[in-house]
Amino acid sequence: MAAMISGDFLDCSTFILLCFFSLLCYSIFCMKTKDSRVGCDFPPSPPSLPVIGHLHLLLSTLVHKSLQKISSNYGPFLHLRIFNTPIILVSSASVAYEIFRAHDVNVSSRGVPAIDESLLFGSSGVITAPCGDYWKFMKKLMVTKPLGPQAQEQSRGIRADEINLFYRKLLDKARKKESFEVGKEAMNLVNNIMCMMSMGRRFSEEDGESERLKGLVTEWSGLIKRMFLAVLNHIKAFFVELLFGASDTSSTKILWSMAEIINNPNVLEKLRKELDSVVGKTRLIQETDIPNLPYLQAVVKETLRLHPPGPLVPREFQKECEIGGFYIPEKTRLVVNVYDIMRDPDLWVDPLKFMPERLLASSKSGQEDERKEKVLKYLPFGSGRRGCPGSALGYIVVGTAIGVIVHGFEWIIDGDKVNMEEVMEGVILTMARPLKFTPVTRYVPFP
Ligand code: HEM
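So, a few notes on the structure that sits alongside this text. (Residues numbered from 1 in each chain as written. Predicted model: local features only at pLDDT ≥ 70, side-chain atom pairs only at ≥ 80, totals over all residues. Heavy atoms only, no water.)

1. Comments concerning the coordination of the iron atom of the ligand
Worth spelling out the cut-off: Only nitrogen, oxygen and sulfur atoms within 2.8 Å of the metal, or 3.2 Å for Na, K and Ca, are treated as donors, and water is left out, so sites may look incomplete. The numbering of helices and of strands both runs from the N terminus, where a helix is a DSSP run of H or I of at least 4 residues and a strand a run of E of at least 2.
Donor atoms from the protein around the iron atom of the ligand number only one, Cys388 (SG), found at 2.3 Å. Checked against the element boundaries, cysteine 388 lands in the loop between α13 (364-377) and α14 (391-408).

Next comes the structure, spelled out in structure tokens:
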């Protein structure tokens, strides 16, 4: 019996020793081989704490600002660590350009874990699906069908009707001398446009609109669930992402644009002059006017530069690679701080100033310069194959809504200036305080 126990004990300790020895060999040889095969260092890293790494530097509600501070102290291309998750932080236009051009396929996944039951964050969604045949199919479907030029043309009437209702709501508020909450009404406008375009119905305009919209989405998913084809779950994710991809991004863009216009009377004056001369005073602005309104387009673009709804673009390196002479291991998270890049004083003159003129293409060569410039340092829609497919629709909806407000109304606000304090709502950068004004009619285009 004693001999049996000592035999078992010996087997067990030999086994443990063998395991330990194998782990040691793995860490010495395999890990070393990985680094030495590429033969270069990780990007620089700020001092970190044991276990939590750089987490303490990010404890803020405005993460993009914390990351901006880290970059200004330690450089625009950094290696960070949150517990044992490695992250590459990029705040340099040239490094972002190299990544999105030369390593586009490698960073074409977001590294979000797939949770099948989740409506927004599962692998069935376009936004979060890993780069592969499924994502390619869904993205192609989105770009060619609901967001394609033909569909945009066909749905123009829907957007015109909604813009008309938006105008009438402003007019009603002006007549009653009531205040108009820009963020809330912009959200209603965009949601109604997207609901009409994708599902053929609007949502209720009475109290608790956002609750009703959520209800509509639930109702929609409930309907889909009752159908027995599992593949329809992918269609559900497709439409929900179409709605949510557009909703917050476009409505906050309307909100920030109005705040900047109100705070910059010189911009307001130029914009009104352009609208009065192109649209006149006998009709409402239409989206087909937008190509003839370059200053309006520049106002919208400049707003996106200073207030990108998505200040951080998250991706993941699928494979190890070398960037700028530094080694990046596979499965490293990538965060591109587009907010920081678009406020970089080395790239933009007076970066914090709202100057739509800087994005105004005045000549053919100007347009070419703007295109080149945009590729390098203007990234509100991300970049590469994972870039935003809704940018054209976003520009149209926001441009028309801003045109309606500025062309048709003056306004009275509380105080002299709009408070531009920021807040993150989920992943969207928006205004900390609601923007409200009482509209005053400039002219009524209808007889
Ligand atoms: C107007 C404001 C908008 C802004 C600023 C914006 C911004 C962005 C950004 C920064 C990304 C990530 C890009 C990247 O990783 O490189 C993105 C992705 C996306 N956006 Fe937008 N977006 C806007 C409007 C829209 C609209 C109107 C739609 C649809 C109707 C839409 C649908 C999407 C989708 C589906 C993705 C995921 C693409 C993918 O992962 O392949 N967005 N958007």
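2. A few points about the site of the ligand
Where we set the bar: Distances are taken per atom, and a residue is near a molecule or strand as soon as one of its heavy atoms is within 4 Å of it. Under this definition, polar contacts are N or O atom pairs within 3.5 Å; protein pairs additionally need one hydrogen-donor-capable and one acceptor-capable atom, and for neighbouring residues in sequence, both atoms have to be side-chain atoms. Under the grouping applied here, Gly and all other residues not named as nonpolar or charged are polar, the nonpolar ones being Ala, Val, Leu, Ile, Met, Phe, Trp, Tyr, Cys and Pro and the charged ones Asp, Glu, Lys and Arg.
In the vicinity of the ligand, 28 residues are found, and the nearest of them are Arg110, Lys139, Arg315, Arg386 and Cys388. At a separation of 3.1 Å, an oxygen atom of the ligand approaches a polar backbone atom of serine 383. Element by element, the count of residues in the shell around the ligand is highest for helix α9 (residues 232-263), at six residues. A class-by-class count of the residues in the shell around the ligand yields 15 nonpolar, eight polar and five charged.

3. Let's talk about the pairing of strand β11 (residues 436-441)
Put simply, the test is: Pairs of strands are assigned from DSSP output, requiring at least two bridges between the strands.
Both strand β3 (residues 180-181) and β11 contribute to a ladder of two bridges, which runs antiparallel. Among the inter-strand pairings, phenylalanine 180 is bridged to a residue of β11, identified as phenylalanine 437. As paired strands, strand β8 (residues 409-412) and β11 are joined by four bridges and run antiparallel to one another. In the sheet register, glutamate 410 faces β11, and the bridge partner there is valine 440.

4. Focus on the pattern of salt bridges
Condition: Salt bridge, as used here, is a side-chain nitrogen of Lys or Arg placed within 4 Å of a carboxyl oxygen of Asp or Glu. Classification of residues uses two cut-offs on accessible area relative to the type maximum, computed with a 1.4 Å probe and protein chains only: under 20% is buried, over 50% is exposed, and between them is partly exposed.
What the rule picks out here adds up to 17 salt bridges. Ionic pairing is found between aspartate 289 and arginine 283, a salt bridge with its closest N-O pair at 3.0 Å. Classification of aspartate 289 as buried rests on a relative accessible area of 7%. The class for arginine 283 is partly exposed, based on a relative accessible area of 27%. Residue lysine 331 pairs with glutamate 316 through a salt bridge whose shortest N-O separation is 3.9 Å. A residue pair is termed long-range when its members are at least 10 positions apart, and lysine 331 in the loop between β6 (326-328) and β7 (333-337) and glutamate 316 in strand β4 (residues 312-316) qualify at 15 residues. Since its relative accessible area comes to 45%, lysine 331 is described here as partly exposed. Through salt bridges that share partners, Glu153, Arg156, Arg159 and Glu287 make up one connected network.

5. Details of unusual backbone geometry
In this structure, lysine 177 takes a positive phi of about 55° despite not being glycine. On the accessibility criterion, lysine 177 (68% relative accessible area) is exposed. You will see that lysine 331, though not glycine, has its phi angle at about 65°, which is positive.

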